[in-house]
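Observations on chain architecture
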Amino acid sequence: MRSLNATVLGSLLAVTQLVGTSAAARMPNIVFIFTDDQDYHHNSLDYMPSLQEHLVKKGTLFTQHYATIAVCCPSRVSLMRGQAAHNTNNTQIAAPAGGYPKFVASGEDDDYLPHWLVQAGYQAEYIGKLYNGNSLLNYSPAPKGWNHIDILASRHLDPYINVHNSIVMSQNGAKPLYYEGWQQLDVLRIKSLARLQHLMSEKDHDPFFLMIAPSAPHVENATDPPTPPSRYSGKFANLSLPYRPNFNPPDEQHQDRPSWWSALPRLNSKQIEEVELLYQRRAETMLGVDDIISDVVATLEKHGELDNTYIIFSTDQGYHLGTHRDVGKCSPYIEDANIPLVVRGPGVKQGAVSHLPSTVTDFAPTFLDIAGLANEKRPVFLDGTSMLQAWQNPHDSAIGKSKEAINVEFWGRAFSELPTWTGGGDGAPGLYRNNTYKTMRIVSEHYGWVYSRWCTGDTELYDSKNDPYELTNLANSTDPAIQRVKSRLNALLMVMKSCETETCRNPWNVIQPPKPNTARSCHAVSSLGDALDPAYDDFFATIPEVNIAECVQYQYAPNETPFYPPEAQYGLGLAHRNAPTPFEYPDVKPVKAVPYIPGGGWEQRTATLDTLMAAARELTADELQQAWNSTTCNERQVCSSDPRDLLF
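Just so you know, these numbers come straight off a predicted model, no measurement behind them.

Focus: the packing of aromatic side chains
- Counted according to the given criterion, the structure contains 22 aromatic pairs.
- Residues Phe-363 and Phe-367 carry aromatic rings whose centres are separated by 5.8 Å and whose planes lie at 20° to one another, so their mutual orientation is stacked. Within this pair, Phe-363 and its partner Phe-367 are both found in helix 12 (residues 363–371), separated by 4 residues, close to a single helical turn. Taken individually, Phe-363 and Phe-367 each receive the classification buried, so the pair is uniform in this respect.
- With 5.7 Å between their ring centres and 15° between their planes, Phe-410 and Tyr-437 make a pair best called stacked.

Here it is in C-alpha cells:
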C-alpha cells in the first residue's frame, strides 16, 4: 500500500501538472462556501443556476456526503477539528453542552484548522457565521488562528444571527458594526470579493483559504421563513415542495417512529401551507448565495487564479420539510444527514457525479492534503479521512468500501420550526427533550442500512437500499438475515460511538471475529458484507447492545455505558482538550436592538465595498449594553430566557 506521504505527494504533483507552471511556486487556493441548514433531498441545488453552471458542470457533485451530527455548532466544530462530536464534547449550540464559549473553555481554539493552514504557509480567512455563541459579549478578542476574520456568527453577533436584515459584524475583534438597510448575503458577498481582491493583489501572493459562511437558508426568529434579498422576493412564489413518500405519512406508516416522533400528529392544512412557504423562501434566499458563487468565480477568473483554486460548496447539516410529520433538523434521518457537496478544482473531474461516501469530519484532513502540510506537523487527533483522492478519482470503488460506515450522533433537544406548532414541551411549543440517539449508516453501492438506538430504549433499522425514505422499521423482524444485519450494525455502532483517530477510520479492526474453520473467506473482515458470514454469528452475539441510560441534554460517558472496547470510555478526545466541567454562559439581551430594515435590492447586487461601508456604523452604548444585571441573573450571570433562544 502506498504511504500517506506518497499519496499526498502524487496528488499534489498531479495538481501542479494540471494548472501549469504558474502554480509550481504556490500551492492551490481554497474557497469554501458553507451554508446553514441546506437540504439536499428537497432539491435546493436545482434552483441555484450559478452553482449548476460554475460548480456542478465544471466539477463533481458528491451525492453521499454526510453530517455526523445534525445541529449547527457541533457540526462546525467537528469540521474545524476533524473530529467526531463525541471527541470534541461540543454537542449542542449553547451551554452547558456546546457553543463558542465552550470551544474556548475546552482549549480547542488553540489547535484547529486555521492554525494548521497558517503553519502550511496559507493565508487563512473567514467571513460569516463561525459558531453559535460568538456574541456581543465575546467579540474581542477575535477567534484565534485566522489572519483575517469578520464574523456575523451566532446571531450575527448574538442576538442577530437569523435576522437577515439586521446585520452586525465584528472584524478582527473590533467594535461591532451595524450595516443599516443591507441584506446579509450582499454584505458577505461584497466583503468576500474585497478579501479575494486583497489576497490576489500581489503577483507572488501566498496561497489562501477563504471560507464564506452565510446563515442562509436558516429560519429567522426560530420559526419564521428566511427573508431573501428583496430583488428575489416572490421569485419562487409558485414553487411547490416535492412531496416525498415520507411526507406527512398516515398512521400505518408512522407508528414505528421512536421517542417523541411517534406521538406527532399529522400536519394540518395550515401547517402544510407554512411548509410550502418555507420551501419557497428558502429557494429565494439561496439565490443570494448563488450570487456569491457567480462573483467568486468571476473574480478568480479575472485574476487568473480560477484553475489553481479549489471551490467547495457544502453545508453544516441538512433539513427536513414535512417528512415524518416534522420540520427542522436534529434527526438521524436521510434528509438531515445526507447533505450537499460540490467540488471544483485542480484534478477534479468536470460534470461527474460521484457516490463515494464522505463526512463533515473529512474536510480538515482534505484541506491539509491540499496545503501539503507535513505529516509530523499535523494534529494526531484527526478522526476524518482526506477526501482528496475521492475528489480526483470519484468512481474508485475501493475508496467507497473503506468509507461505508458513517456514525451519526446527537445529544439533547430537537425543535420543530413551524410558527403554528403546538406540540412538545420543555418550556415552549416545539421543543422535544428526548432526542438523544446513536446511529450507524452503511453507504455502499451494494447495500444500505440505518441502525439507531435512542435514549428512550427505542431501536430503528431500515434497509435504505430498498426503503430509501426510511419508512419500514425492521428492528423487531424475526427474519434471521435481518437479525444478522442488526447484530453487525450494533457491533459497529458500539465501536464508532466512542472511536478515535484510526479506529474511526478503520472500525472493523476493533471487531475482528476469530476465524472459524467454517468461514467462507480467509480475508479479514473489512466491510459489512464480509461480516455477514453466518460463521461469525456467535462472535457478534457476545457484543453488548448499544445503550443510552437516560435522555440527558449533554454528553456524559457513564450514561452511555457499556463501551467497546471498555477503555474507550476514557478516551473520547480527552487527551486533546480540557476535561468537561459544569459550564454556563450568559444569554445575550441588549438594552436596545438594532433596527430591522429590509435590504437586497438590485442596487445592492453590484454595490462596492465603499458603498457598503458608508452605511455602516458602530453600535451605540445601549446596543452593546446587556439588559440584565445581578437582579435578573444569578451570581454567574446566567439569565432566564425563552428556551427557543437556546436553539440553533
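So that's the structure; there's more coming.
Points about empty space enclosed by the protein
- Applying the stated criterion across every chain yields a total of 2 cavities of 30 Å³ or more.
- Of the volumes computed, that of the largest cavity is approximately 60 Å³.
- Forming the walls of the largest cavity are Asp-39, Ser-44, Tyr-47, Pro-217, Tyr-279, Arg-282, Ala-283 and Met-286.
- Classifying every residue of the lining of the largest cavity gives 5 nonpolar, 1 polar and 2 charged.
- Looking at the second largest cavity, its volume works out to about 40 Å³.
- When residues of the lining of the second largest cavity are assigned to their parent elements, the largest contribution, 3 residues, is made by helix 3 (residues 72–81).
- Classifying every residue of the lining of the second largest cavity by side-chain character gives 7 nonpolar, no polar and 1 charged.

With respect to the layout of surface pockets
- Looking at the second largest pocket, its volume works out to about 770 Å³.
- What lines the second largest pocket is a set of 33 residues, among which Gln-64, Val-443, Ser-444, Glu-445 and Lys-465 lie closest to the centre.
- Counting only elements with at least two residues in the lining of the second largest pocket, the list comes to helix 14 (397–402), strand 19 (437–443) and strand 20 (448–454).
- Class assignment of the residues belonging to the lining of the second largest pocket gives a composition of 12 nonpolar, 14 polar and 7 charged.

Section: the state of the cysteines
- Considering all chains together, one arrives at 2 disulfides under this definition.
- Between Cys-455 and Cys-551 runs a disulfide, and the two sulfur atoms are separated by 2.0 Å. Residues Cys-455 and Cys-551 share a disulfide whose torsion about the S-S bond is about 95°; that sign makes it right-handed. Of the two residues, Cys-455 is situated in the loop between strand 20 and strand 21 (459–462) and Cys-551 in the loop between helix 18 (537–541) and helix 19 (602–605); the sequence distance between them amounts to 96 residues.
- On the basis of relative accessibility, which here comes to 19%, the residue Cys-551 falls in the buried class.
- Put simply, Cys-499 and Cys-504 are joined by a disulfide, and their sulfur atoms are 2.1 Å apart. Of note, the bridge from Cys-499 to Cys-504 carries an S-S torsion of about 100° and is right-handed in sense. As far as the burial class goes, Cys-499 and Cys-504 line up, both buried.

Comments concerning the sheet that holds strand 8 (residues 208–213)
- In spatial order, the strands read 14-2-13-9-1-8-4-5-6-7-22; together these 11 strands make up an open sheet with mixed pairing. Where the open sheet ends on each side, the last strands, each with one partner, are strand 14 (352–354) and strand 22 (616–618). Here the strands of the sheet are splayed against their neighbours by 20° on average, with no regard to which way each runs.
- Where strand 1 (residues 29–35) lies against strand 8, 4 bridges are found, and the strand directions are parallel. Across the sheet, residue Ile-33 finds its bridge partner in strand 8, namely Ile-212.
- Contacts from helix 10 (residues 269–302) reach strand 1, strand 8, strand 9 (309–315) and strand 13 (341–344), with the element oriented near 175° to strand 1.

With respect to the nonpolar core
- By size, the foremost hydrophobic cluster in this structure holds 86 residues, and its most contacted members are Met-80, Phe-209, Ile-312, Phe-363, Phe-367 and Trp-391.
- Those residues in contact with Trp-391, other than ones at most four positions away along the chain, are Phe-62, Tyr-310, Ile-312, Leu-341, Val-343, Gly-347, Val-348, Lys-349, Phe-363, Thr-366, Phe-367 and Ile-370.
- Counting residues in each nonpolar core, the second largest holds 41 residues, with Tyr-40, Leu-45, Val-56 and Val-296 among its members.

Focus: helix 10
- Its 34 residues give helix 10 an end-to-end C-alpha distance of 50 Å, which sits within 8% of 50 Å, the value for a rise of 1.5 Å per residue.
- Here helix 10 lies mainly inside the structure; 24 of its 34 residues are buried.
- One side-chain oxygen at the N-terminal end of helix 10 lies 3.1 Å from the backbone nitrogen of Lys-270; it belongs to Asn-268.
- Among the residues trailing helix 10, Gly-304 stands out with phi positive, at a value near 70°.

Points about helix 15 (residues 480–496)
- The end-to-end C-alpha distance of helix 15 is 24 Å, a good match for the 24 Å that 17 residues give at a rise of 1.5 Å each.
- Burial analysis of helix 15 places 12 of its 17 residues in the buried class, which makes it a mostly covered element.
- By the burial criterion, the buried members of helix 15 are Ile-482, Val-485, Lys-486, Arg-488, Leu-489, Asn-490, Ala-491, Leu-492, Leu-493, Met-494, Val-495 and Met-496.
- N-cap assignment for helix 15: the residue whose side-chain oxygen lies 2.9 Å from the backbone N of Ala-481 is Asp-479.

Quick look at the side chain of Ser-50
- With respect to the helices and strands, the residue Ser-50 is situated in helix 2 (residues 49–56).
- In this view, Ser-50 contacts Leu-55, Asp-290, Ile-293 and Ser-294; residues no more than four positions away in its chain are not counted.

A look at the sheet that holds strand 15 (residues 358–359)
- Taken together, the 3 strands give an open sheet; going across it, the order is 12-3-15, and neighbouring strands pair in mixed fashion. One side of each edge strand has no neighbouring strand; the edge strands of this open sheet are strand 12 (338–339) and strand 15.
- As paired elements, strand 3 (residues 65–66) and strand 12 share 2 bridges and run antiparallel to each other. Bridged to His-65 within strand 12 is Ile-339.

Some words on the environment of Gln-183
- Of note, Gln-183 is situated in the loop between strand 7 (177–179) and helix 8 (184–199).
- Taking relative accessible area as the criterion, Gln-183 reaches 1% and is therefore assigned buried.
- Between the C-alpha atom of Gln-183 and that of Thr-227, which follows or precedes it by 44 residues, the distance is 8.7 Å.
- Setting aside residues up to four positions removed in sequence, Gln-183 forms contacts with His-164, Asn-165, Ile-167, Thr-227, Pro-228, Pro-229, Gly-599, Gly-600 and Gln-604.
- One polar contact links the side chain of Gln-183 to the main-chain carbonyl oxygen of Thr-227, over a distance of 2.9 Å.

Section: the pattern of salt bridges
- Scanning the entire structure with this criterion turns up 32 salt bridges.
- The closest approach of N and O atoms between Asp-291 and Arg-605, which form a salt bridge, is 3.3 Å. In this pair, Asp-291 is assigned in helix 10 and Arg-605 in helix 19, connecting sequence segments 314 residues apart.
- Judged by relative accessible area, Asp-291 falls into the buried class, the value being 7%.
- Here the residues in one salt-bridge network are Asp-186, Arg-189, Arg-231, Asp-291, Asp-295 and Arg-605, joined through shared partners.

What counts and how
Residues numbered from 1 in each chain as written. Predicted model: local features only at pLDDT ≥ 70, side-chain atom pairs only at ≥ 80, totals over all residues. Heavy atoms only, no water. Phe/Tyr/Trp six-rings, centres within 6.5 Å; stacked < 30°, edge-to-face > 60°. Helix = DSSP H or I, 4+ residues; strand = E, 2+ residues; numbered from the N terminus. Buried < 20%, exposed > 50% of the residue type's maximum accessible area, 1.4 Å probe, protein only. 1 Å grid on protein atoms, 1.4 Å probe; cavity = no way out; pocket = protein on both sides within 12 Å on 5 of 7 lines; lining within 4 Å. Points joined across faces, edges and corners; volume = space filled by probe spheres on them. Nonpolar A, V, L, I, M, F, W, Y, C, P; charged D, E, K, R; others polar. Disulfide = S-S within 2.5 Å. Pairing = 2+ DSSP bridges. Axes fitted to C-alpha atoms, helices over the stretch in contact; angles between N-to-C directions. Contact = heavy atoms within 4.5 Å. Core = buried A, V, L, I, M, F, W, Y, C linked by side-chain atoms within 4.5 Å. Expected span 1.5 Å × (residues − 1). Polar contact = N/O pair within 3.5 Å; in protein donor to acceptor, adjacent residues only side chain to side chain. Salt bridge = Lys/Arg side-chain N within 4 Å of Asp/Glu carboxyl O.

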